[in-house]
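Remarks on the overall topology
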Amino acid sequence: MIILKSPEEIEKIRLSGRLAARTLDFAASLVQPGISTGQIDRQIHDFIRDHGAVPATLGYRGYPASSCISVNEVVVHGIPGPRLVEEGDLVKIDVTTILNGYHGDTTRTFCVGRVSPKARQLAEAAEKSMYLGIAQVRNGARLGDIGAAIQEFAEPLGFSVVRDFVGHGVGREFHEDPSVAHFGQRGRGLRMKTGMVFTVEPMINEGGWMVRTLSDQWTSVTTDGRLSAQFEHTVAVTRDGYDILTLSEPPSALGE
Ligand code: MF3
Ligand code: CO
Ligand code: CO
């Protein structure tokens, strides 16, 4: 069941989403060689709490941390811990806040110092593919249009699109309907409707799209051990387009 959001609810999701984005701005300053992912997570926890919100992942289905931090071959759901960040790493940080009862969910890939050209190209492709997917969003378009746009961009570069994890509705619940695949066919799938709010969060792999889950039951890694990158925004469907709800600043502050 898809819960359509009123303009008032969308503003509440935006406030939560803005805090999630600002948490990533803060985290960006911490991602340096020598810090552990656990140390980054503790600071993320305190930042979110200090701003009157709750980290949605903490205790979610038994997940033990306030963020997901996934390094290099880790695709998603990396559990922060003793792993040290090193020069050349791709560090994906996924933050979800709950502010006044509403969720905001966003991810960025950070390049640590000098990274290989291939790693940088992968991170840039993940970000570009997310924005190309988001560009498909408007009342009346189909969810398949999003996945197709992502696939059509990423695959000709020699990269692959992860199948096992999808975007999702966002609101009072962390994961609501619909599921938003990052692969698909134009003109297929559910019709988007004004008031829907969901994430677009493509995971792009350097090699094959296959992933496996480690024995901790969370950490998802590429089966071939090659790199993965991800970006995620929470977006609302509007009559003639989309509204990104996980921006650090309102668009007016960006001089638009
Ligand atoms: N934030 C992730 C997403 O984009 C979900 C993380 S669930 C957790 O949907 F339990 F692993 F934290
Ligand atoms: Co998400
Ligand atoms: Co997320």
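Heads up: the structure comes first, above all this text.
Conventions and cut-offs
- Residues numbered from 1 in each chain as written.
- Chains lettered and ligands numbered in written order.
- Predicted model: local features only at pLDDT ≥ 70, side-chain atom pairs only at ≥ 80, totals over all residues.
- Heavy atoms only, no water.
- Donors = N, O, S within 2.8 Å, 3.2 Å for Na, K, Ca; no water.
- Tetrahedral: all angles 85-135°; square planar, octahedral: opposite > 155°, others 65-115°.
- Helix = DSSP H or I, 4+ residues; strand = E, 2+ residues; numbered from the N terminus.
- Buried < 20%, exposed > 50% of the residue type's maximum accessible area, 1.4 Å probe, protein only.
- Core = buried A, V, L, I, M, F, W, Y, C linked by side-chain atoms within 4.5 Å.
- Contact = heavy atoms within 4.5 Å.
- Pairing = 2+ DSSP bridges.
- Axes fitted to C-alpha atoms, helices over the stretch in contact; angles between N-to-C directions.

To continue, consider the coordination of the cobalt ion (ligand 2). Summarising the metal site, the cobalt ion (ligand 2) is bound by the protein donors Asp105 (OD), His168 (NE2), Glu201 (OE) and Glu232 (OE), whose distances to it range over 2.0 to 2.2 Å. Seen from the cobalt ion (ligand 2), its 6 donor atoms lie at angles of 51 to 159°, and the figure they make is irregular. Each donor residue of the cobalt ion (ligand 2) lies on one chain, and together they are spaced D-x62-H-x32-E-x30-E. A distance of 3.2 Å spans the gap from the cobalt ion (ligand 2) to the cobalt ion (ligand 3), which Asp105 bridges by coordinating each metal. Of the two residues, His168 sits in strand S7 (residues 167-169) while Glu201 sits in the loop between strand S9 (197-200) and strand S10 (203-205), which places them 33 residues apart along the sequence. The pair His168 / Glu201 is uniform in exposure class, with both members buried.

Here the focus is the nonpolar core. Core analysis: the biggest nonpolar cluster contains 29 residues, and Ile146, Met192, Phe198, Val200 and Ile204 have the highest contact counts within it. Breaking this core down by element, the ones donating at least two residues are helix H3 (117-134), helix H4 (143-154), S9 and strand S14 (233-238). Top contributing element to this core by residue count: H3, with 7 residues. The residues contacting Ile204, other than those within four sequence positions of it, are Leu122, Ala126, Ser129, Ile150, Ala154, Phe159, Ser160, Val161, Leu227, Ser228 and Ala229. With 21 residues, the next largest nonpolar core counts Ala27, Val31, Val95 and Val112 among its residues.

Right, let's talk about the coordination of the cobalt ion (ligand 3) for a bit. Here the cobalt ion (ligand 3) is held by the protein donor atoms Asp94 (OD), Asp94 (OD), Asp105 (OD) and Glu232 (OE), which lie 2.1 to 2.3 Å from it. For the cobalt ion (ligand 3), the 6 donor atoms in the first shell make angles of 58 to 171° at the metal, so the coordination geometry reads as irregular.

This part takes up the sheet that holds strand S11 (residues 211-213). Across a sheet, strands are paired by hydrogen bonds formed along the backbone, either parallel or antiparallel in direction. Reading across from one edge, S3-S12-S11 is the order of the 3 strands in this open sheet, with antiparallel pairing throughout. Every other strand in the sheet has two partners, leaving strand S3 (74-76) and S11 as the edge strands with one partner each. Each strand of the sheet is rotated relative to its neighbour by a mean of 40°, with strand direction disregarded. With 2 bridges joining them, S3 and strand S12 (residues 220-222) adopt antiparallel strand pairing. Its bridge partner lying in S12, Val74 is registered against Val221.

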